[in-house]
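# Geometric and topological summary
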Amino acid sequence: MRTRILQSILLAVSVTVVVLGLPLGLASLRLVEDVTRRELTGRVQQIATSLDAQLAEDETLDLVKIRVAVPADGSVTVSLPGQGTVRDGPDPGPDPVIETASIVRQGTVTLAVPSGPLRASQAQMAGAVLLLVLLTVVVGLVMAKVTARRLSEPLRHVAARAARLGAGDFRPDTRRHGAVELDRVADALDASALALARLMERERELVGDVSHQLRSHLTALQLRLEELVDPRQPVNREEARAALVQAEKLSRVLEDLLATATAARSRTAEPLDLAEELPEVVAEWRERLRAEGRTLRLRISDGLPARVTPARLREALGVLLENALIHGAGTVSVVARLSGAMVMIEVTDNGNGVPEELSRHVFDRGFSGGGSTGVGLSLARALVEADGGRLELYTARPATFVIFLLVPRAGDVLGMPWPVEPTPR
């Protein structure tokens, strides 16, 4: 990131130098030449006026009188019809700077000076422009490094914060950088850290409860079994029945603890009318399927409630519909119905289905039988389970995926937990 920022700023500086430096250099050279020629033009006009005055008085030329207007290293040449050409001053050398003016009697006066001083002034001006360009590049390079460091340092800090979060450091970080986008990321990381800390705390509490309950019930069950295997005691049917009762109690304790954990995970879920939510989700995908010459159908009864987070449901259904679009064929059907204590949302297409050898691995993260990333179905299952539901491959051929969602109970309105009942198959 830092390298890209540095390259971008240097590119901008280079473009500025090319766009402004070259025209500035050419303009400077032209300015020096124009100043020199304007000075010569003024001098040659002064000489022409003086010669006109001489010719008007006695018709003889005296170049000594005009020498004061001629530069020390310059030469003046006067040409008159019928009188030839008169020249005064040293040879200006090759490629001189020449300016000419007319005099009254159809003659001309030419003033020539060496081009060396002009070229030297132009070289000095070009050197000054080049020095300015180099100074601009150096300043731009320094500013680019400073800016790149100032921009990349917050990104490195946010990346380090995410790495600490992944390593299990859930402490909040109050440092902010004054950039709205980065501060939003920092706020999201703090919120995620808080949520993960609470989740870890609930999981530890669950483990502690499970350990306590299992220890007491397993101890009781162990005592019953020890009495059954004691060779000194005859087989006692009542002891066997008591051991069975202890095992059943242990099973119920585990079910209650798992139900409590499921309720804790799905606290963000809310009662939702699927008859209002599903048509919106399906409408987003209907046009995409129609563009492929396929049909998407929805069947749902009015007033079908479910306990789910809307955003998670949209994402999970989007994964299933995209899977049907890419890997399936024919008509895609979405059917939502009530089944016992659960709401079932079935997504079916008329394709070849899922091969038998792949059906057991479709929810494995990173596994894909069609060249995709293998993340979609794993993510969809995690989203559904986060609301206390389940996502299953119901039938492989045709491919039918089913989302099982909890049905809201009266206690949901008051924020009370709801019972989790076995899912019908």
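Residues numbered from 1 in each chain as written. Predicted model: local features only at pLDDT ≥ 70, side-chain atom pairs only at ≥ 80, totals over all residues. Heavy atoms only, no water.

Keep this limit in mind: UniProt positions are given in the numbering used here, feature names are shortened, and annotations may be inferred rather than shown by experiment.
You'll find the chain entered in an unreviewed UniProt entry as Signal transduction histidine-protein kinase/phosphatase MprB, with Actinoalloteichus hoggarensis given as the organism. The Catalytic activity (unreviewed entry) comment attached to the chain in UniProt states, word for word, "ATP + protein L-histidine = ADP + protein N-phospho-L-histidine." Word for word, the UniProt comment on the chain under Subcellular location (unreviewed entry) is "Cell membrane".

### Details of the nonpolar core
Selection criterion: Note on terminology: a nonpolar core comprises buried Ala, Val, Leu, Ile, Met, Phe, Trp, Tyr and Cys residues joined through side-chain atoms within 4.5 Å. Buried residues are those whose accessible area, probed at 1.4 Å on protein chains only, stays under 20% of the maximum for their type, while exposed residues exceed 50% and partly exposed ones sit between those limits. A run of H or I in DSSP becomes a helix once it reaches four residues, and a run of E becomes a strand once it reaches two; helices and strands are each numbered from the N terminus.
Membership of the largest hydrophobic core comes to 39 residues, with the highest contact counts inside it found for Leu274, Leu313, Ile345, Ile403 and Leu405. Secondary-structure elements contributing two or more residues to this core are α5 (274–291), β7 (305–308), α6 (310–327), β8 (332–339), β9 (342–349), α7 (376–386), β10 (390–395) and β11 (400–406). At 8 residues, α6 tops the list of elements feeding residues into this core. Counting residues in each nonpolar core, the second largest holds 21 residues, with Ala48, Leu51, Ile66 and Val109 among its members.

### What to know about the packing of aromatic side chains
Here is the rule: When two rings of Phe, Tyr or Trp (its six-membered ring) have centres within 6.5 Å they constitute a pair, described as stacked for plane angles under 30 degrees, edge-to-face for angles over 60, and tilted for the intermediate range. The criterion is that NZ of a Lys, or CZ of an Arg, lies within 6 Å of the ring centre and within 35 degrees of the ring normal, and then a charge sits over that ring.
Considering all chains together, one arrives at 1 aromatic pair under this definition. Relative to phenylalanine 401, the ring of phenylalanine 363 has its centre 6.0 Å away and its plane inclined at 90 degrees; by these criteria the two rings are edge-to-face. Note that phenylalanine 363 is positioned in the loop between β9 and α7 and phenylalanine 401 in strand β11, a separation of 38 residues in sequence. If you follow arginine 381 out to its NZ or CZ, it ends over the ring of phenylalanine 363, 3.9 Å from the centre.

### Considering unusual backbone geometry
Apart from glycine, the bulk of residues carry a negative phi angle, and the bulk of peptide bonds sit in the trans form. Here the residue pair arginine 397 and proline 398 is connected by a cis peptide bond, since its omega of -5 degrees sits within 30 degrees of zero. Within the secondary structure, proline 398 sits in the loop between β10 and β11. The backbone phi angle of aspartate 95 is positive, close to 50 degrees, even though this residue is not glycine. On the secondary structure map, aspartate 95 appears in the loop between β2 (84–88) and β3 (97–102). For aspartate 95, a relative accessible area of 54% puts it in the exposed group.

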